[in-house]
Amino acid sequence: MTHPTPIRRVPGHRPLLLDLFCCAGGAATGYQRAGFDVVGVDIIDRPNYPFTFVRADALDHLAGLIASGEIGRFAAVHTSPPCQAGCALTIGTNKSRGWGREHVQLIPELRTLLDATGLPYVIEQPTGKAPVRRDVWLCGEMFGLGVLRHRNFELGRWTMPQPAHPKHRGYVRGYRHGVYRDGPYVAPYGAGGGKATVPEMQQAMGITWTDVREELTEAIPPAFSEHIGSGLLTATLGVAA
């Protein structure tokens with residue numbers, strides 16, 4: 001059985017969470033709503049990121065924090081490493097048609113560093129063949145969203161219950177295998193073929209602070225990470241108490 005690591009909480013202060021591969025802050029916003037302060041790290045500038053931001057290579061930055069002891073400032077780590085090496089689209093349709101390019105799988109090295117922090121952590125990935133445990137998986141229908149956006153979450157040094165998965169209310173709007181279907185959900189990736197416009201993506205995922213298509217297509221809905229963050233605080237504070 002995995003025993004969660006207690007989060008150290010100073011009276012009057014919110015625990016600090018490190019958000020690696022942060023993109024525009026979909027995950028960060030959910031953790032902030034759950035009760036964390038957040039510092040994001042990404043390899044390119046993210047001017048729309050709504051919290052403290054550091055431009056750096058995420059793995060190098062994490063290794064530096066561990067080596068310097070600065071990792072002790074943080075209570076937990078969330079990571080959303082690039083998913084192209086293991087996502088269903090890359091390994092399925094794109095590969096079969098000879099599209100795209102080779103992608104490096106970062107997760108094994110990332111997990112080694114996360115284990116070295118001694119902190120509770122999360123690795124988030126789309127459904128596919130990425131080498132992550134499916135400790136918890138979430139769907140937009142669990143939160144009444146206009147996207148499905150199934151995501152798997154590996155939980156390191158802590159656990160939380162898996163929520164029930166309600167039946168989908170219909171199709172994702174758009175073309176699939178040459179057939180157009182209407183439905184209550186939009187596809188927040190790509191362009192054309194009935195896929196979501198930028199305003200539709202913003203509304204469906206609950207993300208208002210960026211209108212950059214690439215950032216929206218990479219984001220997870222804040223409702224997902226708010227659920228994960230609330231579970232993290234419950235699990236760790238319960239042990240501390």
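Scope of this entry: the structure provided in the associated data block. In this text, all values refer to a predicted model and were calculated from it rather than measured experimentally.

1. Topic: the overall build of the protein
(1) Moving on: Helix and strand counts for the protein come out as 7 helices and 9 strands.
(2) Moving on: Buried positions account for 47% of the 241 residues belonging to the protein.
(3) Moving on: When the accessible surface of the protein is split by element, carbon and sulfur atoms take 53% of a total near 11,800 Å².

2. Concerning helix 1 (residues 26-34)
(1) Moving on: Counted residue by residue, helix 1 has 7 buried out of 9 residues, so it is predominantly covered.
(2) Moving on: Buried within helix 1 we find Gly-26, Ala-27, Ala-28, Thr-29, Gly-30, Tyr-31 and Ala-34.
(3) Moving on: Immediately beyond the C-terminal end of helix 1, within one or two residues, lies Gly-35, with a positive phi of roughly 130°.

3. Considerations on the packing of aromatic side chains
(1) Moving on: Under the criterion given, the structure shown has 5 aromatic pairs.
(2) Moving on: Taken together, a centroid distance of 5.9 Å and an interplanar angle of 55° make the contact between Tyr-49 and Phe-53 tilted.
(3) Moving on: On the basis of relative accessibility, which here comes to 24%, the residue Phe-53 falls in the partly exposed class.
(4) Moving on: Grouping aromatic residues by their ring pairs yields a cluster made of Tyr-49, Phe-51 and Phe-53.
(5) Moving on: For the cation-ring pair, Arg-134 lies above Trp-137, with the distance from its terminal atom to the ring centre recorded as 4.4 Å.
(6) Moving on: A cation sits over an aromatic face here: Arg-181 above Tyr-171, 4.7 Å from the ring centre.

4. Examining the side chain of Arg-149
(1) Moving on: Along the chain, Arg-149 falls in the loop between strand 6 (136-138) and strand 7 (151-156).
(2) Moving on: Among the polar contacts made by the side chain of Arg-149, one reaches the main-chain carbonyl oxygen of Pro-188 at a distance of 3.1 Å.
(3) Moving on: A polar side-chain atom of Arg-149 sits 3.4 Å from the main-chain carbonyl oxygen of Leu-216.
(4) Moving on: The residues touching Arg-149, leaving out its near neighbours within four places in the chain, are Leu-138, Pro-188, Tyr-189, Met-205, Leu-216, Thr-217, Glu-218, Ala-219, Pro-221 and Phe-224.

5. Here we look at the sheet that holds strand 7
(1) Moving on: Strands sit in the order 3-2-1-4-5-7-6 across an open sheet of 7 strands; the sheet is mixed. The strands lining the two open edges of the sheet, one partner per strand, are strand 3 (52-55) and strand 6. Neighbour to neighbour, the strand axes of the sheet diverge by 20° on average, direction disregarded.
(2) Moving on: Alignment of strand 4 (residues 76-79) against strand 5 (residues 121-126), held across 3 bridges, turns out to be parallel. Looking across to strand 5, one finds that Thr-79 is bridged to Ile-123.

6. What to know about the pattern of salt bridges
(1) Moving on: Tallied over the entire structure, the rule returns 11 salt bridges.
(2) Moving on: As a salt-bridge pair, Arg-46 and Asp-42 come within 3.6 Å of each other at their nearest N and O atoms.
(3) Moving on: On the basis of relative accessibility, which here comes to 9%, the residue Arg-46 falls in the buried class.
(4) Moving on: A relative accessible area of 9% means that Asp-42 is categorised as buried.
(5) Moving on: Across the pair Glu-141 and Arg-169 runs a salt bridge whose closest N-O atoms are separated by 2.9 Å. Separated by 28 residues along the polypeptide, Glu-141 in the loop between strand 6 and strand 7 and Arg-169 in the loop between strand 7 and strand 8 (174-176) bring together distant segments of the chain.
(6) Moving on: Judged by relative accessible area, which is 12%, Glu-141 ranks as buried.
(7) Moving on: The class of Arg-169 is partly exposed, set by a relative accessible area of 48%.
(8) Moving on: Here the salt bridges share partners, and the residues they tie into one network are Asp-42, Arg-46, Glu-214 and Glu-215.

Quick notes on the rules
- Residues numbered from 1 in each chain as written.
- Predicted model: local features only at pLDDT ≥ 70, side-chain atom pairs only at ≥ 80, totals over all residues.
- Heavy atoms only, no water.
- Helix = DSSP H or I, 4+ residues; strand = E, 2+ residues; numbered from the N terminus.
- Buried < 20%, exposed > 50% of the residue type's maximum accessible area, 1.4 Å probe, protein only.
- Areas by Shrake-Rupley, 256 points an atom, 1.4 Å probe, with all protein chains shown as cover.
- Phe/Tyr/Trp six-rings, centres within 6.5 Å; stacked < 30°, edge-to-face > 60°.
- Lys NZ or Arg CZ within 6 Å of the ring centre and 35° of its normal.
- Polar contact = N/O pair within 3.5 Å; in protein donor to acceptor, adjacent residues only side chain to side chain.
- Contact = heavy atoms within 4.5 Å.
- Pairing = 2+ DSSP bridges.
- Axes fitted to C-alpha atoms, helices over the stretch in contact; angles between N-to-C directions.
- Salt bridge = Lys/Arg side-chain N within 4 Å of Asp/Glu carboxyl O.

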